[in-house]
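# Structure at a glance
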Amino acid sequence: MALGFLLDLSRCTGCRACETACRYEHGGVLAFRRVQRVERQVAGTLQLCFLSLACNHCEHPECFRVCPQRAYSKRRDGVVLHSPGRCNGCNTCIRACPFQAPRYNPLTGKTGKCDLCVHRLDAGLSPACIEACPVKALHLLDLRAEREGVWQRWVYGLSDVSLTRPSLRFKINPAGRRYFARRPGGLREDKGEGRRRRADAG
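Let me sum up the structure you'll find in this document. (Residues numbered from 1 in each chain as written. Predicted model: local features only at pLDDT ≥ 70, side-chain atom pairs only at ≥ 80, totals over all residues. Heavy atoms only, no water.)

### Considering the overall build of the protein
When you go through the protein residue by residue, the secondary structure sums to six helices and 12 strands. By the burial criterion, 44% of the 202 residues in the protein qualify as buried. For the protein, contacts bridging at least 24 residues in sequence account for 56% of all contacts bridging at least 6. Accessible surface, the protein as shown: approximately 11500 Å² in total, 50% of it carbon and sulfur. (Helix = DSSP H or I, 4+ residues; strand = E, 2+ residues; numbered from the N terminus. Buried < 20%, exposed > 50% of the residue type's maximum accessible area, 1.4 Å probe, protein only. Contact = heavy atoms within 4.5 Å. Areas by Shrake-Rupley, 256 points an atom, 1.4 Å probe, with all protein chains shown as cover.)

### Quick word on helix 1 (residues 17-25)
For helix 1, every residue scored as buried is listed here: Cys18, Glu19, Ala21 and Cys22. One side of helix 1 holds all its buried residues, which, seen down the axis, span an arc of 165°. Of the surrounding secondary structure, the elements contacted by the buried residues of helix 1 are strand 2 (34-42), strand 3 (45-53), helix 5 (128-132) and strand 8 (138-142). One or two residues past the end of helix 1 sits glycine 27, with phi positive at roughly 95°. (Arc of directions from axis to C-beta.)

### Re the pairing of strand 2
Along a regular strand, successive side chains alternate from one face of the sheet to the other. In this sheet, strand 3 lies alongside strand 2 in antiparallel orientation, the contact comprising nine bridges. Counted as the bridge partner of valine 35 is serine 52 from strand 3. (Pairing = 2+ DSSP bridges.)

Set out below in structure tokens:
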């Protein structure tokens, strides 16, 4: 098994609920997930998306390779773990990671990172960020079920993936636009009902 994240770019609205859930799940000081707003002009049209990024649990993690204290390890399911007991806060891993996934905690003087909420995984639960996403843009992915040609390994705004080979995939809606309507129990995809109501009202 090789676990990773799948991010559906057509669903992410940049609400940062994943960031908040990560922060509270890991003690309320640091969020190991962050949402980046990415804009670019394509053929005279502004394209906007949000990249919700955490540790990518890379196939060849640079943090694992460069840490002088050997504070990093990798589980059989591909999850890269960091041991605070070994960490001396030198920040070598932060400088080496192409995605700046590890973060320095000034309160402890040590580095920390996303551990894919292994305490929840081992209890049969989803990571907190996935559980908190109101539009189901984040998913846990078993790379053995990877669908070539459906999921992408790289998108504009992400660092080079050729060196570390992240366990992160992206799903892109060819139509480019998705809308959501507020429903009891949370947001649901608007499958044209809003437009029909507006047409009926007109």
